[in-house]
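Reading the structure
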Amino acid sequence: MDAGERYQYSYRGCFVSMLLIIVAVFVIMTLIMLRTDYVCTRQAGLWTHVYPGATVVEESYSYLQMWGIGDSVRVLTSDEAATRVRMWYVDQDTEVSKATGKSRIGTLGTFATRISDNPDGSLIVQSFECVPEFDFSPYGIGGGGQ
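Scope of this entry: the structure provided in the associated data block. (Residues numbered from 1 in each chain as written. Predicted model: local features only at pLDDT ≥ 70, side-chain atom pairs only at ≥ 80, totals over all residues. Heavy atoms only, no water.)

1. Re the state of the cysteines
Formally: In what follows, a disulfide is any cysteine sulfur pair within 2.5 Å. Where helices and strands are cited, they refer to DSSP runs of H or I of at least four residues and of E of at least two residues respectively, numbered from the N terminus. Between buried and exposed lies partly exposed: a residue is buried under 20% and exposed over 50% of the maximum accessible area for its type, with that area taken using a 1.4 Å probe on protein chains only.
With the rule as written, the count across this model stands at one disulfide. For C40, the disulfide goes to C130, at an S-S distance of 1.8 Å. Taking the sign of the S-S torsion, -65° for the link of C40 and C130, the bridge is left-handed. Placement of C40 in helix α1 (residues 11-47) and of C130 in strand β4 (residues 121-130) is noted, with a sequence separation of 90 residues between them. For the pair shown, C40 and C130 are each scored as buried.

Spelled out as structure tokens, the structure:
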């Protein structure tokens, strides 16, 4: 190659290339987050049951949707005694494990169901934390929706 055949790079070409790379990274990250949110929601659907006859008192989540990326909490009340409600949840988890061959261990999130006595029956608090590293909301629990 002689001196007359030198490549000419322009600032415009460099800017367009950089802009395309930035847009591509943004699109890929968005797709990863949406897919992760979908997987979290699917996994939570297996383990977050509503006790028959229970009333949902509150639902809150910190990011896109209930049981998705971030923290999700559901509070229920029931007229039944706490021991009866606990046994029902244990039976539900056992049925899901047998039917799907899966367990709560090995999912993207951490599930917890706490059941306590209430003057009128029982209080059920279900919580799910899924890939909290992807939750960029500044609001904490409940900020993303009601």
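And the narrative resumes.
2. Overview of the side chain of S62
How we decide: Definition of a polar contact: a pair of N or O atoms within 3.5 Å, with one able to donate and the other able to accept a hydrogen when the atoms are protein atoms, and with sequence-neighbouring residues admitted only if both atoms are side-chain atoms.
Here S62 is to be found in the loop between β1 (55-61) and β2 (70-78). A relative accessible area of 1% means that S62 is categorised as buried. One polar contact links the side chain of S62 to the main-chain amide nitrogen of D71, over a distance of 2.9 Å.

3. A closer look at the sheet that holds strand β3 (residues 109-118)
Hydrogen bonding along the main chain pairs the strands of a sheet, whether they run parallel or antiparallel. Heads up, the rule is: Pairing between strands is defined by DSSP: at least two bridges between the two strands are required. The axes used here are C-alpha line fits, helices contributing only the stretch in contact, and every angle between their N-to-C directions lies in the interval 0 to 180 degrees. The contact criterion used is simple: two residues touch if any of their non-hydrogen atoms lie within 4.5 Å.
One open sheet holds the four strands; their spatial order is β1-β2-β4-β3, and the pairing between them is antiparallel. The sheet is open, and its two borders are formed by β1 and β3, each paired with just one other strand. Within this sheet the neighbouring strands show an average axis-to-axis angle of 10°, counted without direction. Together, β2, β3 and β4 form the strand contacts of helix α2 (residues 82-100), whose direction differs from that of β3 by roughly 155°.

4. Description of α2
Short version of the rule: One fewer than the residue count of a helix, multiplied by 1.5 Å, yields its expected span. Think of it as the arc spanned by the lines of direction from the helix axis to the C-beta atoms.
Taking 1.5 Å as the rise per residue, α2 with 19 residues should run 27 Å; its terminal C-alpha atoms sit 27 Å apart, in good agreement. For α2, the complete set of buried residues consists of A82, V85, Y89, Q92, D93 and V96. Down the axis of α2, the smallest arc covering the buried residues is 95°, so these residues share one side. Every exposed residue of α2 that faces more than 90 degrees away from the buried side is listed here: T83, R84, E95 and K98. Those residues of α2 that are buried are in contact with α1, β2, β3 and β4. Within two residues after α2, G101 carries a phi angle of roughly 75°, on the positive side.

5. Things to note about empty space enclosed by the protein
The line we're drawing: Think of a 1 Å grid over just the protein atoms. A cavity is a set of points where a 1.4 Å probe fits yet cannot get out, a pocket is an open set with protein on both sides within 12 Å along at least five of seven lines, and lining residues have an atom within 4 Å of a point. Grid points are joined across faces, edges and corners, and a volume is the space filled by probe spheres set on the points.
Applying the stated rule across the entire model yields one cavity of 30 Å³ or more. The calculated volume of the largest cavity comes to roughly 30 Å³. W47, T48, R104, F111, A112, T113, Q126 and S127 are the residues that line the largest cavity. For the lining of the largest cavity, the secondary-structure elements that each account for two or more residues are β3 and β4. The dominant element in the lining of the largest cavity, judged by the number of residues it contributes, is β3, at three residues.

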